[in-house]
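Understanding the architecture of this molecule
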Amino acid sequence: MLRMNTNKIYNKFSGGFTLIEMAIVLAILGLLVAIVIPSFGKIGGSEALDTTALSVVAILQGANSSARSSDHASDYGVRISNDKLTSFRDAYGTENKEYSISNLITISTSTGIGTDIIFNNVSGTTTASGTITMTVLNDQTKTSIIRIYPTGVVERN
């Protein structure tokens, strides 16, 4: 009589994945990662743009508010540079407070503004009216514009 030993039956599906199957899965994952990663970079840039724009508006409005309230009977201003904003009282160098700008953002001003925006004591008016444009470095289509009026009003478009 013939007996079969069931312990030695070879099951072709119990060996796991083949090298070709693993290579195909890794190739598909690589394609998905290559498609998704640039999108995440743009999301980070958009968030940095929004955060920076809100910060710039808050700093400018704070300087304007201090000038209008006649705090220390002084003019208040903000100096804009590539990597930071500096708020000051009276003249640059007096009670400076520095605020850094994200390295994902570039900032530029219109010809009417220059680098210093000074709000006059009590009235809050300024001679530095114009626009501040912020742009995401890796996506030049994403910009935020802040407008400063001679009356001292600061608004973001």
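Quick look at the structure, then. For every chain, the first residue of the written sequence is number 1, and numbering continues from 1 onward in sequence order. This being a predicted model, a pLDDT of at least 70 is required before a residue's local features are given, and a value of 80 or more before pairs of side-chain atoms are given or counted; all residues contribute to the totals for chains, interfaces and linings. For side-chain calculations, the full set of non-hydrogen atoms in the structure is used, while hydrogens and water are omitted.

1. Concerning the overall build of the protein
Every helix listed is a DSSP run of H or I at least four residues long, and every strand listed is a run of E at least two residues long, numbered separately from the N terminus. Counting its regular elements, the protein contains one helix and eight strands. Counting helices and strands in the order they occur from the N terminus, the protein gives α-β-β-β-β-β-β-β-β. The classification of residues rests on relative accessible area computed with a 1.4 Å probe and restricted to protein chains. Under 20% of the type maximum is buried, over 50% is exposed, and intermediate values are partly exposed. Within the protein, buried positions represent 27% of all 157 residues. The contact criterion used throughout is that any non-hydrogen atoms of two residues lie within 4.5 Å. Residue pairs at least 24 apart in sequence account for 50% of intrachain contacts in the protein once pairs closer than 6 positions are excluded. The protein chains shown are the only cover counted for residues, whose accessible areas, like all others here, come from Shrake-Rupley with a 1.4 Å probe. With the model as given, the accessible surface of the protein reaches about 10,300 Å², and the carbon-plus-sulfur share is 60%.

2. Looking at the nonpolar core
One finds Leu60, Ile117 and Ile132 to be the most contacted residues of the largest nonpolar core, which totals 26 residues. Looking at this core, the elements that each hand over two or more residues are α1 (19–68), β1 (76–80), β4 (105–109), β5 (116–119), β6 (130–136) and β7 (139–148). Those residues in contact with leucine 60 that lie beyond four places of it in its chain are Val78, Ile117, Phe119, Ile132, Ile146, Ile148 and Val154. Throughout, nonpolar core names a set of buried Ala, Val, Leu, Ile, Met, Phe, Trp, Tyr and Cys residues whose side chains join them through atoms within 4.5 Å.

3. Focus on the pattern of salt bridges
Think of a salt bridge as a Lys or Arg side-chain nitrogen and an Asp or Glu carboxyl oxygen that are within 4 Å of each other. Overall, the coordinates contain six salt bridges when judged by the stated rule. A salt bridge links lysine 84 to glutamate 98; the nearest nitrogen and oxygen atoms lie 3.2 Å apart. Separated by 14 residues along the polypeptide, lysine 84 in strand β2 (residues 84–89) and glutamate 98 in strand β3 (residues 97–100) bring together distant segments of the chain. For lysine 84, a relative accessible area of 27% puts it in the partly exposed group.

4. Here's the deal with the sheet that holds β2
At least two bridges found by DSSP between two strands is the condition for calling them paired. Reading across the sheet, the four strands line up as β3-β2-β1-β5 and stay open at both edges, with antiparallel pairing between neighbours. A single partner strand is all that each edge strand has here, and the edge strands are β3 and β5. Between one strand and the next, the sheet's axes are offset by a mean angle of 15 degrees, whatever the strand orientation. Pairing between β1 and β2: five bridges, direction antiparallel. Bridge pairing in β2 links glycine 77 to phenylalanine 88. Axis lines are fitted through C-alpha atoms, for helices just across the contact stretch, and the angle between N-to-C directions can take any value from 0 to 180 degrees.

5. A few points about the pairing of β1
Most of β1 is tucked away, with four of its five residues classed as buried. Between β1 and the antiparallel strand that follows it, β2, lie three residues.

6. Remarks on the packing of aromatic side chains
Note on aromatic pairs: the rings of Phe, Tyr and Trp (six-membered ring only in Trp) are paired at centre separations within 6.5 Å, and the planes decide the class, stacked below 30 degrees, edge-to-face beyond 60, tilted for the rest. Tallying each qualifying case throughout the model produces one aromatic pair. When the ring of phenylalanine 88 is compared with that of tyrosine 92, the centres are 5.8 Å apart and the planes differ by 85 degrees; the resulting orientation is edge-to-face. By relative accessible area, phenylalanine 88 is classed as buried at 3%. For tyrosine 92, a relative accessible area of 35% gives the class partly exposed. In this scheme, Lys NZ or Arg CZ marks a charge over a ring once it lies within 6 Å of the ring centre and within 35 degrees of the ring normal. Between the NZ or CZ atom of arginine 79 and the centre of the ring of tyrosine 92, over which it lies, the distance is 3.6 Å.

7. What to know about a nonpolar patch on the surface
On the surface, Ile20, Ile24, Val25, Leu26, Ile28, Leu29 and Leu32 cluster together into a nonpolar patch covering about 690 Å² of accessible area. Mapped onto the elements of the fold, valine 25 is located in helix α1. Here a patch means residues that are over 30% exposed by relative accessible area and free of salt bridges, tied together within 9 Å if like-charged and within 5 Å if nonpolar (Val, Leu, Ile, Met, Phe, Trp, Tyr).

8. Overview of the side chain of serine 74
Locating serine 74 in the fold gives a position in the loop between α1 and β1. In protein, a polar contact requires one atom able to donate a hydrogen and another able to accept it; more generally it is a pair of N or O atoms within 3.5 Å, and residues adjacent in sequence count only if both atoms are side-chain atoms. Side chain to side chain, serine 74 and aspartate 90 meet in a polar contact 3.3 Å long.

9. Details of unusual backbone geometry
Residue alanine 73 is not a glycine yet carries a positive backbone phi of 50 degrees. Unusually for a residue other than glycine, valine 122 sits at a positive phi of about 70 degrees. Relative to the assigned elements, valine 122 resides in the loop between β5 and β6. Exposure remark for valine 122: the relative accessible area of 53% places this residue in the exposed category.

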